[in-house]
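Summary of structural features
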Amino acid sequence: MESDESKNDVTSIESCNSVWLFDVKAMEFKRKIRNTSGEADTVSTDWRPYFGLEVDESNKSFVVQLNESGTRLLKSWIHKNPCNRCSDSNTTEISLEEINKALEP
Ligand SMILES: [Zn+2]
């Protein structure tokens, strides 16, 4: 089985809840959802085609073009260290009790 790391031409961008991998040659991308410990090896999507990637370094954001005409766009924020966007949620611990409460109908 081929691992992501062995793929050539793969660019990775870290957002606050995912690691995005872009195969710039095949024009395919996938997302790995980070777990609470920050590791990115738990849940990931399949490789999906994309039609363009624009990274805005000054605003720390990026836009993925999902169709050829550019009418379907995915925008996300680049995670940085320290990160204002997710530092709040990282320091908030949710107790089991709160989770159970949220799951109740
Ligand atoms: Zn972040």
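Residues numbered from 1 in each chain as written. Predicted model: local features only at pLDDT ≥ 70, side-chain atom pairs only at ≥ 80, totals over all residues.

1. Looking at the environment of Leu66
Inspection of the secondary structure puts Leu66 in the loop between β7 (61-65) and β8 (73-77). Accessibility expressed as a C-beta count within 10 Å gives 16 for Leu66, which makes it partly exposed. When neighbours within four sequence positions are excluded, Leu66 is seen to be in contact with Tyr50, Phe51, Arg72, Leu73 and Leu74. (Helix = DSSP H or I, 4+ residues; strand = E, 2+ residues; numbered from the N terminus. Buried ≥ 20, exposed ≤ 12 C-beta atoms within 10 Å, placed from the backbone. Contact = placed C-beta atoms within 7 Å.)

2. A word on the sheet that holds strand β6 (residues 52-56)
Strands pair in a sheet through their backbones, by hydrogen bonds, and they do so in one of two ways: parallel or antiparallel. Taken in spatial order, the 3 strands make up an open sheet running β6-β7-β8, and their pairing is antiparallel. The open sheet has two edge strands, β6 and β8, and neither has a second partner. Here the strands of the sheet are splayed against their neighbours by 15° on average, with no regard to which way each runs. As defined by bridge partners, β7 adjoins β8 across 5 bridges and the pair is classed as antiparallel. What sits directly across from Gln65, in β8, is Leu73. (Pairing = 2+ DSSP bridges. Axes fitted to C-alpha atoms, helices over the stretch in contact; angles between N-to-C directions.)

3. Observations concerning the pairing of strand β3 (residues 28-33)
In terms of strand pairing, strand β2 (residues 18-23) meets β3 through 6 bridges, oriented antiparallel. Residue pairing for β3: Leu21 is matched across the bridge by Lys30. Counting the residues that bridge the hairpin from β2 to β3 gives 4 residues, and of these Met27 lies at a positive phi of roughly 55°. Both β3 and strand β5 (residues 48-49) contribute to a ladder of 2 bridges, which runs antiparallel. The residue of β5 that forms the bridge with Glu28 is Pro49. Where β3 and strand β4 (residues 43-44) come together, 2 bridges link them in antiparallel fashion. By the bridge assignment for β4, Lys32 is matched with Ser44.

4. Section: unusual backbone geometry
Here Asn81 and Pro82 are connected by a cis peptide whose omega angle stands at -5°. The phi torsion at Met27 lies on the positive side, around 55°, for a residue other than glycine. Relative to the helices and strands, Met27 resides in the loop between β2 and β3. Exposure remark for Met27: the 15 C-beta atoms within 10 Å place this residue in the partly exposed category. The backbone of Lys60 sits at a positive phi, close to 55°, despite the residue not being glycine. Here Lys60 shows up in the loop between β6 and β7.

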